Amino acid sequence: VQLQASGGGLVQAGGSLRLSCVVSGITFSRYDMGWFRQAPGKEREFVTTIRWSGGATYYADSVKGRFTISRDNAKNTVYLQMNSLKPEDTAVYYCAAEGTRTYFPVTGVSGYDYWGQGTQVTVSS
């Protein structure tokens, strides 16, 4: 199983970035997908998740209204559109797949079965 995240970079506050995560080795359309982030010295935290069908999404309060998660099951890809970025959004962003729980949303790190390698997002002030 591979989750390959990309799209990170350096951006000024107020700017935008779009992250992508391409998944292989699992039946992508059967998995809920999530994005997490981890800043230096902090624990990994939940950002957002999307249902396997794309029919439901859930966001952390810190990103609600600024970030949008979406997916393309034909391309085995989940996206994270990040707008109005703030310096406190600086972190390594990870995508993750969850396929065993029947409830939604799953917001805990331990709830996810597979993880990508992460992509760095740095927001300058």
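Placed above this text is the structure.
So, here's what we can say about the structure. Please read all numbers here as calculations on a predicted model, not as lab measurements. Every chain is numbered on its own, with residues counted from 1 as its sequence reads. For this predicted model, a pLDDT threshold of at least 70 governs which residues receive local features, and a threshold of 80 or more governs which side-chain atom pairs are given and counted, while totals over whole chains, interfaces and linings are taken from all residues. The side-chain numbers reported here are obtained from all heavy atoms of the structure, hydrogens and water having been left aside.

**Side note on the overall build of the protein**
Point 1. Of the regular secondary structure elements, the protein holds 0 helices and 11 strands.
Point 2. By the criteria applied, helices consist of DSSP H or I runs no shorter than four residues and strands consist of E runs no shorter than two, each listed in order from the N terminus. If you list the helices and strands of the protein from N to C, you get β-β-β-β-β-β-β-β-β-β-β.
Point 3. We compute the radius of gyration over the C-alpha atoms and compare it with the globule rule, which gives 2.2 Å times the number of residues raised to the power 0.38. Taken over C-alpha atoms, the radius of gyration comes to 13 Å for the protein, in line with the 14 Å a tight globule of 125 residues would show.
Point 4. Principal-axis analysis of the C-alpha atoms places the extent of the protein at approximately 40 × 25 × 25 Å.
Point 5. Sorting the 125 residues of the protein into buried and exposed places 42% on the buried side.
Point 6. Here, two residues are considered to be in contact whenever any of their heavy atoms come within 4.5 Å of each other. Residue pairs in contact within the protein that sit at least 24 positions apart in sequence constitute 58% of those at least 6 positions apart.
Point 7. Here, Shrake-Rupley sampling with a 1.4 Å probe gives the accessible areas, and only protein chains in the shown set may cover a residue. With the model as given, the accessible surface of the protein reaches about 6200 Å², and the carbon-plus-sulfur share is 46%.
Point 8. In this count, Lys and Arg are taken as positive residues and Asp and Glu as negative ones, while His and the chain termini are left out. Positions of charges follow a simple convention, taking NZ of Lys, CZ of Arg, CG of Asp or CD of Glu. Computing the positive centroid from 12 side-chain charges and the negative centroid from 9, the protein places the two 4 Å apart. The cut-offs for exposure are 20% and 50% of the maximum accessible area for each residue type, with area from a 1.4 Å probe on protein chains only; residues under the lower value are buried, those over the upper are exposed, and the others partly exposed.

**Thoughts on the state of the cysteines**
Point 1. For the purposes of this analysis, a disulfide is any pair of cysteine sulfur atoms at a distance within 2.5 Å. According to the stated counting rule, one finds 1 disulfide in the structure shown.
Point 2. In this model, Cys-21 is linked to Cys-95 through a disulfide, with the two sulfur atoms separated by 2.1 Å. Residues Cys-21 and Cys-95 are joined by a disulfide whose S-S torsion is about 60°; by sign, that bridge is right-handed. Taken together, the residues Cys-21 in strand β3 (residues 17–24) and Cys-95 in strand β9 (residues 91–98) connect sequence positions 74 residues apart.
Point 3. What makes Cys-21 buried here is its relative accessible area of 0%.
Point 4. By relative accessible area, Cys-95 is classed as buried at 0%.

**So, the pairing of β3**
Point 1. With 5 bridges connecting them, strand β1 (residues 2–6) and β3 associate as antiparallel partners. Along β3, the bridge assignment pairs Gln-2 with Ser-24.
Point 2. Following DSSP output, two strands are said to pair if at least two bridges run between them. Looking at chain direction, β3 and strand β8 (residues 77–82) are connected through 6 bridges and run antiparallel. By the bridge assignment for β8, Val-22 is matched with Thr-77.

Such coordinate-based values are descriptive only and should not be taken to indicate function.
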